[in-house]
Amino acid sequence: MSNPWHLLATGFGSGLFPWMPGTAGSLAAIPFWYLLELLPQDLYSLVLLVGISIGVYLCHRTAKDMGVHDHGSIVWDEFIGMWITLMAIPVHSWQWVLAGFLVFRVLDIWKPWPIRWFDRNVHGGMGIMVDDIIAGVISAGILFAAGHYWLV
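Figured I'd write up the structure that's included with this text.

What counts and what doesn't
- Residues numbered from 1 in each chain as written.
- Predicted model: local features only at pLDDT ≥ 70, side-chain atom pairs only at ≥ 80, totals over all residues.
- Heavy atoms only, no water.
- Helix = DSSP H or I, 4+ residues; strand = E, 2+ residues; numbered from the N terminus.
- Rg over C-alpha atoms; globule rule 2.2 N^0.38 Å.
- Buried < 20%, exposed > 50% of the residue type's maximum accessible area, 1.4 Å probe, protein only.
- Contact = heavy atoms within 4.5 Å.
- Areas by Shrake-Rupley, 256 points an atom, 1.4 Å probe, with all protein chains shown as cover.
- Lys, Arg positive; Asp, Glu negative; His and termini not counted.
- Charge placed at Lys NZ, Arg CZ, Asp CG, Glu CD.
- Core = buried A, V, L, I, M, F, W, Y, C linked by side-chain atoms within 4.5 Å.
- Phe/Tyr/Trp six-rings, centres within 6.5 Å; stacked < 30°, edge-to-face > 60°.
- Axes fitted to C-alpha atoms, helices over the stretch in contact; angles between N-to-C directions.
- Parallel < 35°, antiparallel > 145°, perpendicular 65-115°, else oblique.
- Left-handed = near helix turned anticlockwise from the far one by under 90°.
- Nonpolar A, V, L, I, M, F, W, Y, C, P; charged D, E, K, R; others polar.

**Regarding the overall build of the protein chain**
Logical step 1: In terms of regular secondary structure, the protein chain is built from 7 helices and 0 strands.
Logical step 2: N-terminal to C-terminal, the α/β element order of the protein chain is α-α-α-α-α-α-α.
Logical step 3: Computed over its C-alpha atoms, the radius of gyration of the protein chain comes to 15 Å, within 12% of the 15 Å expected for a compact globule of 152 residues.
Logical step 4: Each of the three principal axes of the protein chain carries a C-alpha extent, and together these read 50 × 35 × 30 Å.
Logical step 5: A burial count over the protein chain gives 48% of its 152 residues as buried.
Logical step 6: In the protein chain, of all internal contacts separated by at least 6 residues, the share reaching a separation of at least 24 is 72%.
Logical step 7: Entry remark: accessible area of the protein chain is about 8,100 Å², with carbon and sulfur atoms responsible for 73%.
Logical step 8: Between the centroid of the 6 positive side chains of the protein chain and the centroid of its 10 negative side chains there is a distance of 8 Å.

**Side note on the nonpolar core**
Logical step 1: Among the nonpolar cores identified, the biggest contains 37 residues, and Trp-76, Ile-80 and Trp-83 are the most heavily contacted of them.
Logical step 2: Elements supplying a minimum of two residues to this core: helix H2 (21-36), helix H3 (41-66), helix H4 (76-86), helix H5 (94-110) and helix H7 (124-150).
Logical step 3: The leading source of residues in this core is H7, at 8 residues.
Logical step 4: Filtering out sequence-adjacent residues up to four positions away, Ile-80 remains in contact with Leu-48, Gly-51, Ile-52, Met-129 and Ile-133.

**So, the packing of aromatic side chains**
Logical step 1: Here the structure, examined in full by the defined rule, presents 10 aromatic pairs.
Logical step 2: Pairing Phe-12 with Phe-32 gives two aromatic rings, centres 5.0 Å apart and planes at 20 degrees, and the pair type is stacked. With Phe-12 in the loop between helix H1 (4-9) and H2 and Phe-32 in helix H2, the pair connects residues that are 20 residues apart, well separated along the chain.
Logical step 3: In this structure Phe-12 comes out as partly exposed when scored by relative accessible area, which is 40%.
Logical step 4: An aromatic cluster is defined as three or more aromatic residues linked by ring pairs; in this entry it consists of Phe-12, Phe-32, Trp-76, Phe-79 and Trp-83.

**As for H4**
Logical step 1: Among the 11 residues in H4, 11 count as buried, and that is most of the element.
Logical step 2: Every buried residue of H4 is listed here: Trp-76, Asp-77, Glu-78, Phe-79, Ile-80, Gly-81, Met-82, Trp-83, Ile-84, Thr-85 and Leu-86.
Logical step 3: Looking at the packing, one finds that the buried side of H4 touches H1, H2, H3, H5 and H7.

**Concerning the side chain of Glu-78**
Logical step 1: For Glu-78, the location among the structural elements is in helix H4.
Logical step 2: Aside from chain neighbours lying at most four places away, what touches Glu-78 is Gly-22, Gly-25, Ser-26, Phe-104, Arg-105, Asp-108 and Asp-132.

**Quick word on the packing of H3 against H4**
For any two helices packed against each other, the geometry comes down to the angle between their axes and how far apart the axes lie.
Logical step 1: Between H3 and H4, the least distance of the axes is 10 Å, while the angle of their chain directions is 160 degrees. In terms of orientation, H3 and H4 fall into the roughly antiparallel class. Between H3 and H4 the crossing geometry is left-handed. Between H3, through Tyr-44, Leu-48, Gly-51, Ile-52, Gly-55, Leu-58 and Cys-59, and H4, the contact on the second element is made entirely by Trp-76, Ile-80, Trp-83 and Ile-84.
Logical step 2: For the contact of H3 with H4, the class distribution of residues is 9 nonpolar, 2 polar and no charged.

This is how it looks when you write it as structure tokens:
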């Protein structure tokens, strides 16, 4: 944890939770999302792009140092996936945040196509990140559609 790359890759230690570290990392991402939401949308998007870029490196580096590809404690990808997901909630309420969390976790755990294809075929830091990025985009699409349908 003294290595700053490992600290980020483990979601500030949330990925070290002994049960369901991906779920713990996704939960830990929510308070940071609340801070991101204070930013203008353009700056939020820029932070997200920088987070993805740095994430590819730090996930690769941490996995290499651990000697295990996509070790369960590496949860920076869950942070990014949650931040993508929560960009699309139509109303800032705990119900929509909970819905985003649940939709993202289901997709991240279940890994339907195309998420599963990327998870199995892309390696290194990008491989660790890309399935959660895609799960986040699909989750955001589901939330956007649900919000559009129910709030019309």
